[in-house]
Amino acid sequence: MRDFLELLAAREPAPGGGAVAAVTGALAAGLVAMAARFSDARFPAAANVARQADELRARAAALADQDAAAYGAVLGAYRLPRDGDGAQRRDRITAALHRAATVPLEIVEIAAQVAGLAAGLAGRGNPNLRGDTIAAAHLAEASARSAAALVDINVRLGRLPEELSRRAAAAVAAAQSAAAQASAAPP
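Structural notes, computed from the coordinates. (Residues numbered from 1 in each chain as written. Predicted model: local features only at pLDDT ≥ 70, side-chain atom pairs only at ≥ 80, totals over all residues. Heavy atoms only, no water.)

Our next topic: the packing of helix α4 (residues 87–122) against helix α5 (residues 130–158). Relative to each other, α4 and α5 sit at 160°, their axes nearing to 7 Å. By the angle class used here, α4 and α5 are roughly antiparallel. For α4 against α5, the interelement crossing comes out left-handed. The class makeup of the residues in the contact of α4 with α5 is 23 nonpolar, five polar and one charged. (Axes fitted to C-alpha atoms, helices over the stretch in contact; angles between N-to-C directions. Helix = DSSP H or I, 4+ residues; strand = E, 2+ residues; numbered from the N terminus. Parallel < 35°, antiparallel > 145°, perpendicular 65-115°, else oblique. Left-handed = near helix turned anticlockwise from the far one by under 90°. Nonpolar A, V, L, I, M, F, W, Y, C, P; charged D, E, K, R; others polar.)

Pasting the structure below:
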């Protein structure tokens with residue numbers, strides 16, 4: 001963790017916001033998995049929730065590296081020479097921006113799923129871990145909101161299909177709703 005934080009603070013363009021959103025989503029999923037494992041006595045679906053959270057945690061963690069690579073590809077495409085009519089350069093930039101939008105979109109969608117798992121566990125899981133479950137829901141919401149902002153930026157820059165931003169917005173709304181539900185769940 002210390003190495004990641006040092007790398008994040010360095011004067012380098014990546015890792016950046018997308019990687020942090022992915023790691024935040026992975027941390028939220030880890031909290032859900034842990035809380036579920038302590039909830040099996042009172043919540044029959046706890047083992048399934050833990051398994052799902054573990055899968056989402058692994059996917060989100062892998063996206064941290066993919067986001068850094070996608071952003072690096074954008075920077076590389078912008079550095080291409082402006083030869084001829086520039087069509088090849090523009091195509092490379094658009095393709096790189098598309099990848100730089102789809103990686104955080106996947107982060108948003110994973111975060112929404114994590115928030116949903118947290119909300120489902122908050123009122124039924126181990127009451128001693130309710131705070132961890134609520135924290136997980138709010139971290140997942142923050143992950144979703146942060147990654148959605150990156151989707152929107154890349155959609156605008158690349159003049160990409162607005163459907164990407166709409167999908168991100170829908171996932172953010174789901175994460176927000178789940179976080180509110182987790183907070184309101186009875187102890």
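And the narrative resumes.
Before going further, it helps to spend a moment on helix α6 (residues 163–184). Here α6 contains 22 residues, and its C-alpha end-to-end distance of 32 Å stays within 8% of the 32 Å for a straight helix at 1.5 Å per residue. Where α6 is buried, its residues meet α4 and α5. (Expected span 1.5 Å × (residues − 1). Contact = heavy atoms within 4.5 Å.)

With respect to the helices and strands, the residue D85 is situated in the loop between α3 (46–78) and α4. By relative accessible area, which is 60% here, D85 ends up exposed. Along the chain, D85 and A140 lie 55 residues apart, while their C-alpha atoms are 44 Å from each other. (Buried < 20%, exposed > 50% of the residue type's maximum accessible area, 1.4 Å probe, protein only.)

Core analysis: the largest hydrophobic core is formed by 61 residues, its most contacted members being V32, V49, I107, V108, V114, L121 and L164. When contributions to this core are tallied by element, the ones reaching two or more residues are α2 (17–37), α3, α4, α5 and α6. The leading source of residues in this core is α4, at 19 residues. Among residues more than four places away in sequence, those in contact with V114 are G25, A28, A29, V32, L56 and A140. (Core = buried A, V, L, I, M, F, W, Y, C linked by side-chain atoms within 4.5 Å.)

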